Amino acid sequence: MSESDDRPTGSAQGAVSRRGFLGGAGGLAASGLAVGGIAGAAGGFAAGYGTPAPAAASAAEVAHPFYGSGHQAGIRTEPQRYTVFMSYDLTTSVARDVEVLLARWSAAIAQLAKGLTVGSVEPHRPDAVGVDSGEALDLGPEGLTVTIGFGPGLFDERYGLAARRPRHLAELPAMPSDQLQPALTGGDLSLQACADDPQVAYHAIRTLTRMAKGTATTRWTVTGFGRASAGPTQQTPRNLMGFKDGTRNIVDDADYERWVWAGSDDQPWMTGGSYLVARKIHIATETWDTDRISDQNAVVGRTKVEGAPLTGSREHDVPDFEARDASGQPVIPATSHVALAAHENNGGVKILRRGYNYTEGIDALGQIDAGLLFLAYMRDPQQFITLQTKLGRVDRLNEYIAHIGSAVFAVPPAARQGSYIGAELFRS
Amino acid sequence: MTPVHRPRRLAAVGAGTLITALLLAGCASTAGSPGGASTASGSAALAEVVGGASQVRVTLDSSGAGDVCTMSSSRAKAGPVTFTVENRSATGITELELMSDQRILGEKENLVPGLAAVSFTVTLTGRSYQLYCPGASTELQTFTVTGTSTGGGNESVQEELATGTAGYAAYVTQEVDNMAAGVAALRRAIDAGDLTAAQRAYAQARPYYERIETDVDGFVLSGFDATDNAGNLDYLIDMRASNLDPAVGWHGFHAIERDLFGRAAITASTRALAAELVTNVGRLDSLSKTLSYKPEDLANGASDLLEEVQSSKITGEEEAYSHIDLVDFAGNLEGAQQAFAYLKPGLTLIDPALASSVQEEFSTVTELLARHRDASALGGYARYTAALREQAAPGLSRAVEALHERLATIAEKVATA
């Protein structure tokens, strides 16, 4: 959706309200009719589903187009409130099955992103099985995006696609402080569903997972309940350590070109694509919460409430890593997270962070099990490897966090209307 | 298994009238086609004949009026007709069917934008057919065939399905006869007080029920209310401890299982339970001989057997004392496979791709289960311990799910309204 996504500013980039979408589409005058149309497959039972649209376009009506000529939605799109991320193992040995799955996923995502169902909820034939489980009926598109990723396994010997492997796609190397659990690691395909209603995101993943049966099985998943990185017009949200996260995120076109979108050195079919590094990072919230505030600030390198660098007073003040205190020590400690991760100290390297906070109840010790689903997009996973190799070695944050899950995916460009994500892989 | 008080056969009879009414309701509410199947998108000229078959192109597009399904021609002369379907941009349509009197004659699935065009050929005779595009702004369109053709494909589908249902009825009768012999042997071993022989007889008798349980799960003895478990044969034969009705108490296989494996003792009560089981299986035997099946009964029965596998075998709930859950699993699977096998010739004429993919999924599950064969174990499969469950359940469960998902779509395709 380059035509819309590429705009660096403006609310709800690349989005149109569902009312706007339908108006543009012509024949369907009211969204109520659109819902009725979906449920058309449900025949007579569906008549009651079409409820009149509210007078003004609400957040629920925001719809991001799936088809386009540039990047997939869900990367530069302003982060929605909720996510469900799922990684899959391909179980088929037949390339054609993968092709059909990607085509079906694409068509289904296009439907879901408009707030439509995928097939009938209540089929009129008594022996028919409903295709769409129905729990997103009446909820609207809610800004849903579903972003498809390809893991290294898609390009192994099974499907004859090795010659088209994205240039920078390889399993991540082991890095310092990794505490990866095999059950939370890897995957041949990924789906990142984000929406402003958690049930809409969940429904998308449920529906697409069901569609994958026989071709791919679930591997690991994280449900994120709150965004932990901001788009350019959003107030910087906070991670579960209580600190603002993503203050210095990538916002301008030049940085997207330099650090996010796949380069001309990559496979031609990856033009407009990117790479996704997903890490499940457990946060020891219970010990963090009992750490004194001066130490918390020193660990992060910023103040907690304002989010200012320790050398400044406002969130967006540029950190001064050279500044020394009276005793000659750096004001922003060299082992603080900010100092280690800053592009100034990493040859300019940046990544686009698009993470979400998660919680999964309580762990075996009765402690709150929570953390950050770190999702970052980049031109080359080496950017993450460079940063994490350094952070894993000396980041003081490592006392409180643990990288327990990990995967890397090539994220192909958007599909043009009439095609599907990854179609270029299967054309001879 | 859970008690089901639904008289299966009666429900199936009622469905015949119901489907007609619902399908009509479906047409009437379909946007843009108030007349239901009276519209047709294509040219009224007869479809061109190439290589002996009339050629009809069907294109699926996204338009201002929603997704549309367009035929190049809405008429053809009797004989083979090839439908070639291409989805150019309609994300709301993923399948298409050719129907006659609500029977599916031919169909294509996975019709999504970006995939190459696919085709199917059916032999049609002079009459009106319906092209059904679920999800399209006009879902039903009329396709008219003129003249007569010898060897209509429609009739052969129905013949194949009729042969299949008759064959399946004979299979069920045979299994219930075998079950009667199996429980008689179990009773003899129990009456003789031979615990080891009784345990072996128990494991040998179980699979017969597991193969056909979804065909008989609604049986209520005459004179009993449908909500009274005391008259529900499935309850009396196969109820597990987890779903007991305190008003009726525990009867049947699993009460005997508790004595033979949990208590490892044969008591007067065990003998009474065995005698009662023989009586109830005898009742089932006579009742089952009165059953007849529609093709959708086979499909739904097979699907329900897989539901049984998923809900009570893979979890290890079914055989809580004997741990022969994998024996029951194999029984459910074999029953489902038999039902499918009897449908397959007819289904292959309707949807060869589905028939072969279900066959493949059956093979996958069968091979996975075969890894746990153990000739030395009771019933021929490894004892389903907690450790084995932890190791094997995720893989088995996923394979069954993949099979179940596809199997569940068969019923509506073979349903004979």
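Quick notes on the rules
All residue numbers refer to position in the chain's written sequence, counted from 1. Think of it this way: whatever chain is written first is A, whatever ligand is written first is 1, and the rest follow in order. Only residues with pLDDT of 70 or above have their local features reported here, since the model is predicted, and side-chain atom pairs are shown and tallied only from 80 upward, although totals for entire chains, interfaces and linings are computed over all residues. Excluding hydrogens and water, the side-chain figures rest on all heavy atoms present in the structure. By salt bridge we mean one thing: a side-chain nitrogen of Lys or Arg within 4 Å of a carboxyl oxygen of Asp or Glu. The way it works is that DSSP assigns letters per residue, a run of H or I at least four long becomes a helix, a run of E at least two long becomes a strand, and they are numbered from the N terminus. The split into domains, and so the bounds of each, comes from an automatic or database assignment of domains. Here, residues are in contact when the closest pair of their heavy atoms is within 4.5 Å. Computed with a 1.4 Å rolling probe, the buried area is the accessible surface lost when two parts are put together, summed over both parts. Between N or O atoms, a polar contact is any pair within 3.5 Å; within protein, one atom must be a potential hydrogen donor and the other a potential acceptor, and residues adjacent in sequence are included only when both atoms are from side chains. Ten residue types, Ala, Val, Leu, Ile, Met, Phe, Trp, Tyr, Cys and Pro, are classed as nonpolar, four, Asp, Glu, Lys and Arg, as charged, and the remainder, Gly among them, as polar. To sort residues, take the accessible area from a 1.4 Å probe on protein chains only and compare it with the maximum for the residue type: under 20% means buried, over 50% means exposed, and anything in between is partly exposed. Each axis is a line fitted through C-alpha atoms, taken for helices only over the stretch in contact, and angles between the N-to-C directions span 0 to 180 degrees. Relative orientations are named as follows: roughly parallel for angles under 35 degrees, roughly antiparallel for angles over 145 degrees, roughly perpendicular for angles from 65 to 115 degrees, and oblique for any other angle. The crossing is said to be left-handed when, going from far helix to near helix, the turn is anticlockwise and less than a right angle, and right-handed when the turn is clockwise.

Quick notes on the pattern of salt bridges
All names here are of chain B.
Moving on, step 1. Evaluated as defined, the whole model comprises 44 salt bridges over all chains.
Moving on, step 2. With a closest N to O distance of 3.3 Å, K313 and E213 form a salt bridge. Linking K313 in helix α7 (residues 295-313) with E213 in helix α3 (residues 195-216), this pair joins segments that are 100 residues apart in sequence.
Moving on, step 3. Here the residues in one salt-bridge network are R206, E210, E213, D238, R240, E308, K313, E317, E318, E319 and D328, joined through shared partners.

Quick look at the domain arrangement of chain B
All names here are of chain B.
Moving on, step 1. Domain parsing of chain B yields domain 1 (31-151) and domain 2 (157-224 + 278-414).
Moving on, step 2. Put simply, the middle of domain 1 and the middle of domain 2, counted by C-alpha atoms, are 38 Å apart.
Moving on, step 3. Across the boundary between the two partners, domain 1 contributes eight residues, which contact six residues of domain 2.
Moving on, step 4. In total, about 650 Å² of surface goes out of reach between domain 1 and domain 2, with carbon and sulfur atoms giving 40% of it.
Moving on, step 5. Together, R103, I104 and E107 form the three largest contributors to the area buried by domain 1 at its contact with domain 2, with a combined 61%.
Moving on, step 6. Applying the counting rule to domain 1 against domain 2 returns two salt bridges.
Moving on, step 7. The salt bridge involving E109 is made with K413; its shortest N-O contact spans 3.1 Å.
Moving on, step 8. One can count two residue pairs in polar contact (both at pLDDT 80 or more) joining domain 1 with domain 2.
Moving on, step 9. In terms of residue count, strand β8 (residues 103-108) provides more of the side of domain 1 that touches domain 2 than any other element does, five residues in total.
Moving on, step 10. Of the residues assigned to the side of domain 1 that touches domain 2, the class counts are two nonpolar, one polar and five charged.

Regarding the environment of S73 of chain B
Residue and element names in this part refer to chain B.
Moving on, step 1. For S73, the location among the structural elements is in strand β5 (residues 73-77).
Moving on, step 2. Among the residues examined, S73 registers a relative accessible area of 4% and is labelled buried.
Moving on, step 3. For the pair formed by S73 and Q55, sequence separation is 18 residues and the distance between their alpha carbons is 8.5 Å.
Moving on, step 4. If we ignore the near neighbours within four places in the chain, the residues touching S73 are G42, S43, A45, L46, A47, V56 and F143.
Moving on, step 5. Within the local environment of S73, its side chain forms a polar contact with the backbone oxygen of A45, the two atoms lying 2.5 Å apart.
Moving on, step 6. Side-chain polar atoms of S73 contact the backbone nitrogen of A47, separated by 3.4 Å.

Observations regarding the packing of helix α9 (residues 352-370) of chain B against helix α10 (residues 386-407) of chain B
Residues and elements named next belong to chain B.
Moving on, step 1. Running from N to C, α9 and α10 point in directions that differ by 160°, and their axes come no closer than 9 Å. Considered as vectors, α9 and α10 are oriented roughly antiparallel to each other. Remark: the crossing between α9 and α10 carries left-handed chirality. Contact residues: L354, S357, V358, E361, F362, V365, L368 and L369 in α9; G395, L396, A399, V400, A402, L403, R406 and L407 in α10.
Moving on, step 2. When its residues are assigned to classes, the contact of α9 with α10 shows 12 nonpolar, two polar and two charged.

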